[in-house]
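Chain by chain, the residues run as shown.
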Amino acid sequence: MEKKISTDSGIEIQPLYTNPVPMEEVPGSFPFTRGIHASMYRDKLWTMRQYAGFSTAEASNKRYHYLLGQGVMGLSVAFDLPTQIGYDSDHPMAEGEVGKVGVAIDSLEDMEVLFSGIDLEKVSTSMTINATAYILLALYIALAKKQGADLKKISGTIQNDILKEYAARGTFIYPPKPSMRLITDIFDYCSREVPKWNTISISGYHIREAGANAVQELAFTLSNGKAYLQAALEKGLDINVFAKRLSFFFNAHNHLFEEVAKFRAARNMWAHITQSLGATDPKAQMLRFHTQTGGSTLTAQQPHNNIVRVAVQTLAATLGGTQSLHTNGFDEAISLPTEAAARIALRTQQIIGYESGIADTVDPLGGSYYVEALTREVEAKAWELIGKIDAMGGSVAAVEQGFIQDEIARSAYRYQQEIETGEKVIVGVNKFVVEEEAHTDVFRIDDSIRKLQSEKLQALRSRRSNEKATAALAALKAAAGTSANLMPLVVDAVECYCTLGEIADTLRKVWGEYSGI
């Protein structure tokens, strides 16, 4: 009996593929399967980012200057958990977490230090933040104003994708409806005030990290994107304006060909979703995306093997046509990346970009019988899942009913079972195992950071005009009960040096906290 081979999503791989359809699509034209730009990397390589942020704003600022000196084209900021869920560093809930998985940002003062010596008009900044995205964006805008920057020129992205937090990651604060209101307020505000800013990065990355397969990652991410489009349309926003500033954030996993197919299918599907909701401008139909290599694929065993995994994943992202890319450090299964690991990760992108020939032609795998067939099969399975979600009433309802969470959990369980039985080989983990010494070159953050941040907060509160801060928070609280756009009031609050925790708590008092299903 002939052996059956399948992708991680359960798509059976045939031993031979023949031409499924004539190649009629061209890059840069609807439905953009082959790429959103006619010339792709021949004119400009993808933006090479490194995700970094740890400890204090001072420490992270040093790493940013180091990365910029190594050739990074854009910054990608990681925030610690208290910042992500709206607690100041001196809050009891922040104990043990300050500065650990990202940088601690409590106020505009911290933001000033974080970007000290960095011209915000000249660098593109991506911020991985969701529940408090509105505050971090306000801080960035306030800092740009202090620098004298033209707000029409600053560019970057806030992740701002709360639906995947409910489904896969858990750093939510408010219930779904007010959270969606904050997101559409940002769409509206930025379309007028910060037109080059990407107002949301709809994230499949964390869905995949939680255990979803490629098809689920694609389906759940695009379904969430559809929900954001519908929420903005219900608010009366113009899809041909706000949809241009939506971007996506995908995972690059180990199955090279399925990942390429996923990226190609995503562009095609999003073009049809936006078109069906009224988008006529090609730029509003384009799916632009950032990619990060798969953190969950990294192993603590034989960590140098991760360099090869990251290289394969980099190939998948670039062959799939990503607009920007972050490559993980080989040591991230053990600790935050060391400078040496971050440099190797960046050099991986640079070698592939400048030495491999990938950038010489558009959609290099286009026309491959295998890749074309796989693209269509991934797409068909993803549409099937989206159909189920639509039948429930969309992504918000599917999250509230636990459907998406259950699907991810089942997929994660299957994947782990395959590893434990040896059906899926993970080199160095369940095959080709060797005795090895503990990895000693690790990067740790100690708990003294919380004391330092708390002292800075105490000094800030004694130095600022508390009368102005109180008035700004009162205005925000009053507006939260109306339909007014909250972003101008949040910008006012951060400019009065209200802290992140104070702003988040103000809205907690109005909307409450969401405890999940």
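Please refer to the structure higher up on the page.
The rules behind the values
Starting afresh in each chain, residues are numbered from 1 along the sequence in its written order. For this predicted model, a pLDDT threshold of at least 70 governs which residues receive local features, and a threshold of 80 or more governs which side-chain atom pairs are given and counted, while totals over whole chains, interfaces and linings are taken from all residues. Computation of side-chain values covers all heavy atoms of the structure but excludes hydrogens and water. Nonpolar cores were defined as sets of buried Ala, Val, Leu, Ile, Met, Phe, Trp, Tyr and Cys residues, with membership established by side-chain atoms within 4.5 Å. Think of it in three bands: with a 1.4 Å probe and only protein chains considered, a residue is buried below 20% of the maximum accessible area for its type, exposed above 50%, and partly exposed in between. Residues are treated as being in contact if the distance between any of their heavy atoms lies within 4.5 Å. Strands here mean DSSP runs of E at least two residues long; helices mean DSSP runs of H or I at least four residues long; both are numbered from the N terminus. A helix's residues, less one, multiplied by 1.5 Å, set its expected span.

**Q** How should the nonpolar core be read in this particular structure?
**A** One broad trend across soluble globular proteins is that nonpolar side chains are buried collectively. Judged by nonpolar contacts, the single largest core of 139 residues is most densely connected at Met111, Phe115, Met127, Tyr134 and Ile503. For tyrosine 134, the residues in contact, after removing those within four places along its chain, are Tyr174, Leu182, Ile186, Met487, Val490, Ile503, Ala504 and Leu507.

**Q** I'm lost on the environment of leucine 237 in this one. Help?
**A** Relative to the helices and strands, leucine 237 is located in the loop between α8 (214-234) and α9 (239-242). On the accessibility criterion, leucine 237 (16% relative accessible area) is buried. Residues leucine 237 and glycine 353 lie 116 residues apart in sequence; the distance between their C-alpha atoms is 38 Å. Once residues lying within four places of it in the same chain are set aside, the contact partners of leucine 237 are Thr184, Phe187, Asp188, Ala232 and Phe242.

**Q** Help me understand the side chain of serine 247 in this model?
**A** Among the secondary structure elements, serine 247 is positioned in strand β9 (residues 246-252). Accessibility expressed as a relative area gives 6% for serine 247, which makes it buried. The contact partners of serine 247, leaving out residues within four places of it in the chain, are Thr157, Asn198, Ile200, Ser201, Ile202 and Arg288.

**Q** What's the story with helix α16 (residues 403-421) in this structure? I'm lost.
**A** Think of an α-helix as 3.6 residues a turn; residues three or four steps apart then line up on the same face. Compared with an ideal rise of 1.5 Å per residue, which puts 19 residues at 27 Å, α16 spans 27 Å between its outermost C-alpha atoms and is within 8% of the ideal. Those residues of α16 lying buried are Phe403, Ile404, Gln405, Glu407, Ile408, Ser411 and Ile419. Looking at the packing, one finds that the buried side of α16 touches α5 (162-169), α7 (205-209), α8, α14 (369-392) and α15 (395-400).

**Q** Could you clarify how one ought to interpret helix α6 (residues 176-193) in this entry?
**A** With 18 residues, α6 extends 26 Å from end C-alpha to end C-alpha; this agrees with the ideal 26 Å at 1.5 Å per step. For α6, the tally of buried residues reaches 13 of 18 residues, placing the bulk of the element in the interior.

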